[in-house]
Structure formats: C-alpha cells, structure tokens
Amino acid sequence: MQGLKRKIVYVSLFELIAIALTSSALMLLAGSEPGHAGAAAVASSMLAIIWNFIFNGIFESWEARQPTRGRNWKRRVAHAIGFEGGLVLAIVPLFAWWLDISLWEALVLDMGLLVFFMVYTYVFTLAFDRIFGLPASAQG
C-alpha cells in the first residue's frame, strides 16, 4: 500500500488508538471529566492529523533523497522525535486553555504524554511497516 491511501490508513489507525489513550491519560493525570478529556483528546488528535500529513510529507521527501534505503532504528527514532516534538508547540497551549491549567502544568502534562507517544509512535510505525510494507521512499 502506497501514497495517499497509506497515509490515510496510517493516520486513522494511529489517531483512533491515540484518542482512546489520551482521553484515559487526561482523566487520570489532569483529573478531567470523561467528556472534557475526550474533547481535548479529539482536538489534540485533529492537530496531530494535520501535523502528521505535513511532517510525513517532509520526512518522506527527505528520506527519498538519502543514499541508504530502509528504516533503521536511528531513522525511526528521528521520525518519532521530529513528529512528537512538533506537536508540543500546538498542544501545550490547547491543554492549558481547555483544561484550565497553567502553561507550566500543560507542559508537564504534555511531557508525560510526549514520552509515552514517542514510544507509541516508534512501535506503531514499526508494526504498521511490518504489516503494510515500507513506503516507496524507504524501499531499495
């Protein structure tokens, strides 16, 4: 599976799982009501979907120009850090506003989620690539 279809399946699966996990984490870590935590999770997911398309387009364009093909652990770690790092800029203010907490509290909350999601992104992408195959940009 390649191209836009691959990206849509990837993002859909990734974010459905992420919404469930984030809602649960926000209920536990921020003491939010289920509906309030769920809304924050959906909003952060929408931001992540937009960022996912932008970041993966840039990453795959860079990846296609590399002399070494494939996705070793270093490339996967770079992908996870780049993707999750970009989300911090959008999600911290969203959490602070929506959950009515300080920017510092939102940053601390997001750092906990960030650590979890870096691991989740790495594992999810590895599993996705094994199930659906590597994208054209990583094939030799």
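For the structure itself, look to the data block above.
Each value, and the rule that gives it
Residues numbered from 1 in each chain as written. Predicted model: local features only at pLDDT ≥ 70, side-chain atom pairs only at ≥ 80, totals over all residues. Heavy atoms only, no water. Helix = DSSP H or I, 4+ residues; strand = E, 2+ residues; numbered from the N terminus. Rg over C-alpha atoms; globule rule 2.2 N^0.38 Å. Areas by Shrake-Rupley, 256 points an atom, 1.4 Å probe, with all protein chains shown as cover. Lys, Arg positive; Asp, Glu negative; His and termini not counted. Charge placed at Lys NZ, Arg CZ, Asp CG, Glu CD. Buried < 20%, exposed > 50% of the residue type's maximum accessible area, 1.4 Å probe, protein only. Salt bridge = Lys/Arg side-chain N within 4 Å of Asp/Glu carboxyl O. Phe/Tyr/Trp six-rings, centres within 6.5 Å; stacked < 30°, edge-to-face > 60°. Polar contact = N/O pair within 3.5 Å; in protein donor to acceptor, adjacent residues only side chain to side chain. Contact = heavy atoms within 4.5 Å. Core = buried A, V, L, I, M, F, W, Y, C linked by side-chain atoms within 4.5 Å.

Engineer: Would you mind going over the overall build of the protein chain in detail, with residue names and values included?
Structural biologist: In terms of helices and strands, the protein chain carries four helices and zero strands. Reading the protein chain from its N end, one meets helices and strands in the order α-α-α-α. A compact globule built from 140 residues would reach a C-alpha radius of gyration of about 14 Å, and the protein chain, at 16 Å, matches this within 12%. Oriented by its inertia axes, the alpha-carbon framework of the protein chain measures out at about 50 × 25 × 20 Å. With an accessible surface of roughly 7600 Å², the protein chain has 73% of that area assigned to carbon and sulfur atoms. Positive and negative side-chain charges in the protein chain, numbering 10 and 9 respectively, have mean positions lying 20 Å apart.

Engineer: Before we move on, can you summarise unusual backbone geometry with the specific residues and values?
Structural biologist: Even without glycine at this site, aspartate 100 takes up a positive phi of about 55 degrees. Structurally, the position occupied by aspartate 100 is in the loop between helix 3 (73-98) and helix 4 (103-132). For aspartate 100, a relative accessible area of 70% gives the class exposed.

Engineer: Describe the pattern of salt bridges, listing the residues and the values that go with them.
Structural biologist: Taken as a whole and assessed by the stated rule, the structure comprises seven salt bridges. In this structure, the salt-bridge partner of lysine 7 is glutamate 60, at a minimum N-O distance of 3.0 Å. Here glutamate 60 lies in helix 2 (residues 34-64) and lysine 7 lies in helix 1 (residues 3-30), a separation of 53 residues in the sequence. Accessibility expressed as a relative area gives 18% for glutamate 60, which makes it buried. For arginine 75, the salt bridge is made with glutamate 63, and the minimal N-O distance between the two is 3.9 Å. With arginine 75 in helix 3 and glutamate 63 in helix 2, the pair connects residues that are 12 residues apart, well separated along the chain. In this structure arginine 75 comes out as buried when scored by relative accessible area, which is 12%.

Engineer: Any chance you could break down the packing of aromatic side chains for me, citing the residues and the numbers?
Structural biologist: Taken as a whole and assessed by the stated rule, the structure comprises 17 aromatic pairs. Seen from their ring centres, tyrosine 10 and phenylalanine 124 are 5.2 Å apart, and the 75 degrees between their planes marks the pair as edge-to-face. Placement of tyrosine 10 in helix 1 and of phenylalanine 124 in helix 4 is noted, with a sequence separation of 114 residues between them. Summarising the aromatic geometry, the rings of phenylalanine 14 and tyrosine 120 are spaced 4.6 Å apart at their centres and angled 40 degrees between planes, so their arrangement reads as tilted. Taken together, the residues phenylalanine 14 in helix 1 and tyrosine 120 in helix 4 connect sequence positions 106 residues apart. Neither phenylalanine 14 nor tyrosine 120 differs from the other in exposure class; each is buried.

Engineer: Any chance you could break down the side chain of glutamate 15 for me, citing the residues and the numbers?
Structural biologist: Here glutamate 15 lies in helix 1. Within the local environment of glutamate 15, its side chain forms a polar contact with the side chain of serine 45, the two groups lying 2.8 Å apart. For glutamate 15, the residues in contact, after removing those within four places along its chain, are Ser45, Ala48 and Ile49.

Engineer: Requested: an account of the nonpolar core, with residues and values cited.
Structural biologist: One finds Phe14, Leu26 and Phe95 to be the most contacted residues of the largest nonpolar core, which totals 27 residues. Put simply, the parts of the chain that give this core at least two residues each are helix 1, helix 2, helix 3 and helix 4. Ranked by residues supplied to this core, first place goes to helix 4 with eight residues. The contacts of phenylalanine 95, once residues within four sequence positions are left out, are Leu26, Ala40, Ser44, Asp100, Ile101, Ala106, Leu109, Asp110 and Leu113.

Purely spatial values, then, with no claim about function.
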